[in-house]
Amino acid sequence: LVVKRDEFSGEFFIQNSMSKRSIFRSLPVVVFLLGISVAMLFKLNTFTEGATEPLIYDTGVLFKKILLNNYLVCVTIVLGFLTFGLSSVLTVFYNGYIFGICMASLPIHKIGYHFLSYSILESLGFIISGQVAMAISLLLYASLFQKDVDQTKSRVIVKKSLISITLIFVAAIIEVYVSIH
């Protein structure tokens, strides 16, 4: 909340400083943190004892699998604009939830080097993808229901998309070539 003074009457009034756009921008961050909180608060562990897939030792193959999987998650999140961000929010929440499960399940000595070294970048990539989906949703809403549409936002969307792609790429490199070994 911000206190402002009316130029004409001189009276003071309280104005909400958060715009709809800033709420949509911060929603993926809040939802991700909520997912972490739910997982850690309830200590829900959904990991199974045995691996469902054999461990891949060929780092080239593993890198491609991880990178493709994470890019598909980003694409899924961005395509959530078709549901006006609802499926994006759910996907980001789920990723936060998995992040929280990993934090609660792994021994403390493995969290820093083996998990946080790549997962922070990966999570930021997913969160930024969520912000891209929200921005596209706002543009879609504006183009459908308003006459005045600000097309300059498309540059920001492209920039954020490139940042997300770069973060996911770097995270995959760190995950495969640094944190697994």
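*Asks:* Mind showing me how you'd approach a nonpolar patch on the surface here?
*Replies:* Residues Tyr113, Phe169, Val170, Ile173, Tyr177 and Val178 make up a contiguous nonpolar surface patch of about 490 Å² in total accessible area. With five residues, the top contributor of residues to the nonpolar patch is helix H5 (residues 153-179). Position of tyrosine 113 among the secondary structure elements: in helix H4 (residues 108-145). Under the relative-accessibility criterion, tyrosine 113 is labelled partly exposed at 42%.

*Asks:* I keep staring at unusual backbone geometry and nothing clicks. Help me out?
*Replies:* Glycine aside, residues mostly have negative phi, and peptide bonds are mostly found in the trans state. The backbone phi angle of phenylalanine 84 is positive, close to 55°, even though this residue is not glycine. Structurally, the position occupied by phenylalanine 84 is in the loop between helix H2 (59-79) and helix H3 (86-105). Residue classification places phenylalanine 84 among the partly exposed positions, given a relative accessible area of 39%.

*Asks:* Even after reading the chapter, I still don't get the confidence of the model for the protein, so can you show me in this structure?
*Replies:* The predicted coordinates should not be examined in detail at positions where pLDDT is low. Summing up the model confidence of the protein, the mean pLDDT is 81 and the portion of residues at 70 or higher is 77%. Within the protein, H2 carries the highest mean pLDDT (94), whereas strand S2 (residues 12-15) carries the lowest (50).

*Asks:* Just to check I follow, could you spell out the environment of leucine 27 for this structure?
*Replies:* Residue placement: leucine 27 occurs in helix H1 (residues 20-42). Separated by 62 residues in sequence, leucine 27 and valine 89 place their C-alpha atoms 7.7 Å apart. Apart from the residues within four sequence positions on either side, leucine 27 is in contact with Val89 and Met134.

*Asks:* Even after reading the chapter, I still don't get H5, so can you show me in this structure?
*Replies:* Given 3.6 residues to a turn, an α-helix orients residues that are three or four positions apart in the same direction. Compared with the 39 Å implied by 1.5 Å per residue over 27 residues, the 37 Å span of H5 between its first and last C-alpha is a close match. Along H5, the residues classified as buried are Ile157, Ser164, Leu167, Ile168, Ala171, Ala172, Ile174, Glu175, Val176 and Ser179. Residues of H5 that are buried make contact with H2 and H4.

*Asks:* What exactly am I supposed to notice about the side chain of serine 137 here?
*Replies:* Mapped onto the secondary structure, serine 137 falls in helix H4. For serine 137, the residues in contact, after removing those within four places along its chain, are Phe81, Phe84 and Gly85.

*Asks:* Sorry, what's going on with the nonpolar core here?
*Replies:* Side chains of nonpolar character tend, in soluble globular proteins, to be buried together. Residues Phe32 and Phe126 are the most contacted members of the largest nonpolar core, which totals 23 residues. Grouped together as the second largest cluster of nonpolar side chains are five residues, Phe81, Val132, Ile136 and Ile157 included.

*Asks:* For this particular structure, what's the right way to read the environment of serine 117?
*Replies:* Among the secondary structure elements, serine 117 is positioned in helix H4. Residues serine 117 and isoleucine 174, 57 residues apart in the sequence, show an inter-C-alpha distance of 7.0 Å. Among all residues touching serine 117, those that are not within four sequence positions of it are Gly112, Ile174 and Ser179.

*Asks:* Looking at this structure, how should I read the packing of aromatic side chains?
*Replies:* Each aromatic ring pair is specified by the distance between its two centres and by the angle formed by the two planes. Tallied over the entire structure, the rule returns five aromatic pairs. Judged by centre distance (6.1 Å) and plane angle (80°), the ring pair of phenylalanine 115 and tyrosine 118 falls under edge-to-face. One end of the pair, phenylalanine 115, and the other, tyrosine 118, are both in helix H4, three residues apart, so they sit about a helical turn from each other. For phenylalanine 115, a relative accessible area of 6% gives the class buried. Here a set of aromatic residues connected by ring pairs shows up, and it is made of Phe32, Phe99, Phe115 and Tyr118.

*Asks:* Sorry, what's going on with the packing of H3 against H4 here?
*Replies:* H4 packs onto H3 with a crossing angle of 170° between their chain directions and a minimal axis gap of 10 Å. When the axes of H3 and H4 are compared, the pair comes out roughly antiparallel. Together, Ser88, Val89, Val92, Asn95, Phe99, Cys102 and Met103 of H3 and Ile111, Phe115, Leu116, Ser119, Ser123, Phe126, Gly130, Ala133 and Met134 of H4 make up the contact between the two elements. Partitioned by chemical class, the residues of the contact of H3 with H4 number eleven nonpolar, five polar and no charged.

Rules used throughout
Residues numbered from 1 in each chain as written. Predicted model: local features only at pLDDT ≥ 70, side-chain atom pairs only at ≥ 80, totals over all residues. Heavy atoms only, no water. Patch = residues over 30% accessible without salt bridge, like charges linked within 9 Å, V, L, I, M, F, W, Y side chains within 5 Å. Areas by Shrake-Rupley, 256 points an atom, 1.4 Å probe, with all protein chains shown as cover. Salt bridge = Lys/Arg side-chain N within 4 Å of Asp/Glu carboxyl O. Helix = DSSP H or I, 4+ residues; strand = E, 2+ residues; numbered from the N terminus. Buried < 20%, exposed > 50% of the residue type's maximum accessible area, 1.4 Å probe, protein only. pLDDT = per-residue confidence, 0-100. Contact = heavy atoms within 4.5 Å. Expected span 1.5 Å × (residues − 1). Core = buried A, V, L, I, M, F, W, Y, C linked by side-chain atoms within 4.5 Å. Phe/Tyr/Trp six-rings, centres within 6.5 Å; stacked < 30°, edge-to-face > 60°. Axes fitted to C-alpha atoms, helices over the stretch in contact; angles between N-to-C directions. Parallel < 35°, antiparallel > 145°, perpendicular 65-115°, else oblique. Nonpolar A, V, L, I, M, F, W, Y, C, P; charged D, E, K, R; others polar.

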